[in-house]
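# Examination of the molecular architecture
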Amino acid sequence: MATTDRQTATLALAHALSAAEHGLPVFPLSATKLPALRSPHRDESPPVHCRGACGLPGHGVHDATTDPATVRALFAAAPRATGYGIACGRPPHRLIGIDLDIDTTHGNDSVAALQHLALQHLFTIPATVTVLTPSGGRHLWLTGPSGVSVPNSAGRLAPGIDVRGAGGYLVGPGSVTTHGRYRLAPGTAHLPPAPCPRALLRLLTPPPRPHRHPAGRTSPTSRQGEGLVQFVRAAHEGQRNTRLFWAACRAYEHGFGDALADALTEAAIRTGLTEQEARAAIASAARLTSPRPNS
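Residues numbered from 1 in each chain as written. Predicted model: local features only at pLDDT ≥ 70, side-chain atom pairs only at ≥ 80, totals over all residues. Heavy atoms only, no water.

For the rest of this paragraph, the subject is empty space enclosed by the protein. Over the atoms rolls a probe the size of a water molecule, and its path tells where empty space is left. For the structure on display, the rule yields one cavity of 30 Å³ or more. One number sums up the size of the largest cavity: a volume of about 50 Å³. Around the largest cavity, the lining residues are Ile-98, Leu-114, Phe-123, Ile-125, Pro-126, Leu-140, Leu-142, Pro-197 and Leu-200. In terms of residue class, the lining of the largest cavity is made up of nine nonpolar, no polar and no charged. (1 Å grid on protein atoms, 1.4 Å probe; cavity = no way out; pocket = protein on both sides within 12 Å on 5 of 7 lines; lining within 4 Å. Points joined across faces, edges and corners; volume = space filled by probe spheres on them. Nonpolar A, V, L, I, M, F, W, Y, C, P; charged D, E, K, R; others polar.)

Take helix H2 (residues 68-76) next. What H2 keeps buried is the set Val-71, Leu-74 and Phe-75. Along the axis of H2, the buried residues cluster in a sector spanning 95°; they form a single face. For H2, the exposed residues set more than 90 degrees away from the buried face come down to Ala-69 and Ala-76. (Buried < 20%, exposed > 50% of the residue type's maximum accessible area, 1.4 Å probe, protein only. Helix = DSSP H or I, 4+ residues; strand = E, 2+ residues; numbered from the N terminus. Arc of directions from axis to C-beta.)

Taken in spatial order, the three strands line up as S1-S2-S10 in an open sheet, and their pairing is antiparallel. Looking at the sheet topology across the chains shown, the edges are occupied by strand S1 (26-29) and strand S10 (169-171). Across the sheet, the mean angle separating the axes of adjacent strands is 35° when strand polarity is ignored. Judged from the three bridges that link them, strand S2 (residues 83-87) and S10 form a sheet pairing that is antiparallel. (Pairing = 2+ DSSP bridges. Axes fitted to C-alpha atoms, helices over the stretch in contact; angles between N-to-C directions.)

Taking burial as the measure, the six residues of strand S3 (residues 95-100) include six buried ones, the bulk of the element. As judged from the four bridges shared by S3 and strand S9 (residues 161-164), these two strands associate in the antiparallel manner. In the sheet register, Leu-100 faces S9, and the bridge partner there is Ile-161.

As structure tokens, then:
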């Protein structure tokens, strides 16, 4: 291993140990932001769905720990690790990560979208630990209360806003990836992760999917459904797929996605998408929001 690689690996371990000392469960990452240790079950057939119960390392976020000796052992087994992941949803902090992507190509301003949500739902975005990403985005660190599990999501709150909750992880500051280094935003290093505002927490924990009647569909409330359709109709070029996907996700999460699919498709066609493109985006939303085994 080159000297630079050794220095990067040594710094990654040092950052990970510092995070663990502050109660954040960590594990090694490769330069691709994926777990640096290969699964011990990779060659087994049929596939084994193990979350670390076997006692061996190589289970990604399930390896995360705050024990310094175990952290050192994990990094010793992954000498090419260039960063570390921080498991979300785990005590004592029960970290919630708000990932604000920068997407100038499609004109999405995730920071403005979060500020709009704050005004709409009457909460204040607190001063908290903020990590700057190599792509120009940022991660806001918040803490959740005991007994509340925040799910992972992509674009559900708004286009460009991803959420890392239980079972997810954030790339820790000081990590080096193929695209650059993750670093703490100036003025936030001394801050503890702030408690998640209650109104935002309600948005992050969607209500249970309603039971469907025998026909397999529920009737959407006219206000919710019409609002989503109007949201899609207002899309400009570069926003059409993103807006349609986001609206379809919200419809399926509230139990009326199938019933609203035709109206969303018609709205998307009016913006310039083909019917095939619109149906494909809606089908992707249905798959993403459908209940998963063991989730």
